[in-house]
Amino acid sequence: KNSSASLWDLGDGVLCLEFTAKMNLLDDGVIRQLRKAIALVDGRAFKALVLYNEGSNFSVGANIGIALFAANVGLWLAIESSIFEGQQAYKALKYAPFPVVGAPANMALGGGCEILLHCDAVQAHAELYMGLVEVGVGVIPGWGGCKEMVRRHVSPHMHATNVNPMPYLRKVFETTRQHEVTIWRQ
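Starting from 1, residues in each chain are numbered consecutively following that chain's sequence as written. Reporting in this predicted model follows two pLDDT cut-offs: at least 70 for local features of residues, and 80 or more for side-chain atom pairs to be given and counted; totals over whole chains, interfaces and linings ignore these cut-offs and use all residues. Based on all heavy atoms of the structure, the side-chain values leave hydrogens and waters out of the count.

**Student:** So what's going on with the packing of aromatic side chains? Which residues, and what values?
**Tutor:** A pair of aromatic rings is counted whenever rings of Phe, Tyr or Trp (Trp by its six-membered ring) have centres within 6.5 Å, and the orientation is called stacked for planes under 30 degrees apart, edge-to-face for over 60 and tilted otherwise. Tallied over the entire structure, the rule returns 1 aromatic pair. Note on Phe19 and Phe58: the rings are 5.3 Å apart at their centroids and 65 degrees apart in plane angle, and the pair reads as edge-to-face. Residue Phe19 is located in strand β2 (residues 14-19), and its partner Phe58 is located in the loop between β3 (48-52) and α2 (64-72); the two are separated by 39 residues in the primary sequence. Like Phe58, Phe19 is buried. Placement of a positive charge over a ring is assigned whenever Lys NZ or Arg CZ falls within 6 Å of the ring centre and within 35 degrees of the normal to the ring plane. Above the face of the Tyr95 ring, Lys94 is positioned so that its terminal group lies 5.5 Å from the ring centre. Helix and strand assignments follow DSSP, with helices taken as H or I runs no shorter than four residues and strands as E runs no shorter than two, numbered in order from the N terminus. When a residue's accessible area, from a 1.4 Å probe over protein chains only, is under 20% of the maximum for its type it is buried; when over 50% it is exposed; and in between it is partly exposed.

**Student:** An account of the nonpolar core is requested, with residue identities and associated values reported.
**Tutor:** By nonpolar core is meant a set of buried Ala, Val, Leu, Ile, Met, Phe, Trp, Tyr and Cys residues that side-chain atoms within 4.5 Å join together. Formed by 26 residues in total, the largest nonpolar core has its most connected members in Leu34, Leu49, Leu51, Tyr90, Leu93, Val100 and Ile115. Among the secondary structure elements, those contributing two or more residues to this core are β2, α1 (28-40), β3, α3 (76-94) and α4 (111-117). Sorting elements by how many residues they give to this core places α1 first, with 5 residues. Only heavy atoms matter for contacts: two residues are in contact if any of them lie within 4.5 Å across the pair. When near neighbours in sequence (up to four residues on either side) are disregarded, Ile115 contacts Phe19, Leu34, Leu51, Phe58, Tyr90 and Leu93. Membership of the second largest hydrophobic core comes to 7 residues, among which are Cys113, Leu132, Met149 and Val172.

**Student:** How would you sum up the packing of α1 against α3? Please name residues and give values.
**Tutor:** Contact geometry of α1 with α3 gives a least axis separation of 10 Å together with a crossing angle of 30 degrees. Of the possible angle classes, the one that applies to α1 and α3 is roughly parallel. The crossing of α1 and α3 is left-handed. Facing Ile31, Leu34, Arg35 and Ile38 of α1, the residues of α3 in contact are Glu85, Gly86, Gln88, Ala89, Tyr90, Ala92 and Leu93. Classification convention: Asp, Glu, Lys, Arg as charged; Ala, Val, Leu, Ile, Met, Phe, Trp, Tyr, Cys, Pro as nonpolar; all other residues, Gly among them, as polar. Of the residues that constitute the contact of α1 with α3, the class distribution is 7 nonpolar, 2 polar and 2 charged. Axis geometry follows a simple rule: fit a line to the C-alpha atoms, using only the stretch in contact for helices, then measure angles between N-to-C directions, giving values from 0 to 180 degrees. Comment on the angle field: the value is read as roughly parallel under 35 degrees, roughly antiparallel over 145, roughly perpendicular from 65 to 115, and oblique elsewhere. Handedness of a crossing is defined here by the sense of rotation of the near helix relative to the far one, left-handed for an anticlockwise turn of less than a right angle and right-handed for a clockwise turn.

**Student:** Report on the side chain of Gln33, specifying residues and quantitative values.
**Tutor:** Its location among the elements puts Gln33 in helix α1. Residue class for Gln33 comes out buried when judged on its relative accessible area of 4%. Excluding anything up to four places from it in sequence, Gln33 contacts Lys1, Asn2, Ala5, Ser6, Leu7 and Leu17.

Right, dumping it as structure tokens:
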């Protein structure tokens, strides 16, 4: 356990990663616990991972306030490092050799949406609002969400030869932009 996330033994060989920061913001503490969870699920004591919490939101994503502060004072290497660490952790989650299930409720925005896009399965609550909202603050999602959306749009069509990927890429960025505008208007 740290100030941002906890790991729980759910029994039956299932480990749970719970976000615990205010509004379940994702930060370096969550990334550290995610890496620890991936290392613990070794097929012996633990065989699967569930991402879940009982907060009022699954996660409202990365702490944009800290990112904006870092940008304002020119901490570009720290920003780049944070993006890289998030990408590597989410990639490790996606390619983990065990099942990963996301169990979100209420809001899963930004990085919260991106982590779910890297899960093997999502068991969503009926009341879930999910989206990549970064464009609303002038940035592009950086932890792999756009890549996962592109993969989902392009993969079914890649069996054909000479497929032009541009219409699929355009669809992803239009979808991201439309959803962000919709979410911020609500």
